[in-house]
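# Remarks on the overall topology
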Amino acid sequence: TAPVLTATLAVEPADGDGYLAGGTVRYELVVTNVGNAPAGDVALFEDHAAALSLDPESVHVSASGGAGEAEVTAEEAGLIVRAGPSSGSVNGALPPGASLTVTYRALVDPALGGCETSPCPLTSRVTVEFSGAQNETPTETISDDPATTPVDPTPFFVEVPCLEDEDCSSPHPL
């Protein structure tokens, strides 16, 4: 018996107007224990493109299926979520069948520095580390974009207003 964690990371425009430079995106991360043993010491490490700034005030964590409370460290550079002991008699941070859902927002850099193409691809990924009941060595799983196969980072594409000064009609060159 062992814990098996799956993680999906979905992204959508927070404003509903598409992915825009200077706009906000909303992420939803769902981590579920599909195994038959509790996962302990669960930690989620979010890594996103340099053109994104996490909004630390937007982070919300919810749990289901007996998952424990979570401790969140949120900074513009990234997000760390550590799951605590679960409630009830099951010992472990994420019992079998339990899920943690983390939602948060990030601001897209208005200048999109470093983009060389339009649309500009931006990606995010979450690494999930956990231990099992009989295996104290941490196991790692990577979040997946639920809209695609195989397991891959979650991308989205931002329209770049212009790539060179002569292409720009506004003072927004990259």
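In what follows, the structure referred to is the one given above.
Calculation rules
- Residues numbered from 1 in each chain as written.
- Predicted model: local features only at pLDDT ≥ 70, side-chain atom pairs only at ≥ 80, totals over all residues.
- Heavy atoms only, no water.
- Disulfide = S-S within 2.5 Å.
- Buried < 20%, exposed > 50% of the residue type's maximum accessible area, 1.4 Å probe, protein only.
- Pairing = 2+ DSSP bridges.
- Helix = DSSP H or I, 4+ residues; strand = E, 2+ residues; numbered from the N terminus.
- Axes fitted to C-alpha atoms, helices over the stretch in contact; angles between N-to-C directions.
- Core = buried A, V, L, I, M, F, W, Y, C linked by side-chain atoms within 4.5 Å.
- Contact = heavy atoms within 4.5 Å.
- Salt bridge = Lys/Arg side-chain N within 4 Å of Asp/Glu carboxyl O.

On to the state of the cysteines, then. Summed over all chains, the structure comprises one disulfide. A sulfur-sulfur distance of 1.7 Å marks the disulfide that ties Cys115 to Cys120. As the torsion about the S-S bond is roughly -55°, the Cys115-Cys120 disulfide counts as left-handed. Note on accessibility: Cys115 and Cys120 belong to one class, buried.

With seven bridges connecting them, strand E3 (residues 40-48) and strand E8 (residues 120-131) associate as antiparallel partners. Paired with Gly40 across the two strands is Ser131, which belongs to E8. When E8 meets strand E10 (residues 154-158), the two strands line up antiparallel, connected through five bridges. Counterpart to Leu122 in the pairing with E10 is Phe156.

Right, let's get into the sheet that holds strand E2 (residues 24-33). The four strands are arranged E1-E2-E7-E4 in an open sheet whose pairing can be described as antiparallel. Sheet topology places strand E1 (5-13) and strand E4 (52-64) at the edges, where each strand pairs with a single neighbour. The average angle at which neighbouring strand axes cross in this sheet is 15°, direction not considered.

The nonpolar side chains of soluble globular proteins are, as a tendency, buried together. Counting residues in each nonpolar core, the largest one holds 37 residues, and the members touching the most others are Val42 and Leu122. Secondary-structure elements contributing two or more residues to this core are E1, E2, E3, E4, strand E6 (78-83), strand E7 (99-108), E8 and E10. With sequence-adjacent residues up to four places away left out, Val42 is seen in contact with Leu5, Val81, Arg82, Ala83, Ala93, Leu94, Val128, Glu129 and Phe130.

Let's shift gears to the environment of Leu52. Along the chain, the position of Leu52 falls in strand E4. Spatially, the C-alpha atoms of Leu52 and Ala21 are 10.0 Å apart, while their sequence positions differ by 31 residues.

For the rest of this paragraph, the subject is the pattern of salt bridges. Tallying each qualifying case throughout the model produces one salt bridge. Close ionic contact of Arg26 with Glu12 constitutes a salt bridge, the shortest N to O distance being 3.7 Å. Taken as a pair, Arg26 in strand E2 and Glu12 in strand E1 lie far apart in primary sequence, 14 residues in all. The partly exposed category is assigned to Glu12, whose relative accessible area is 39%.

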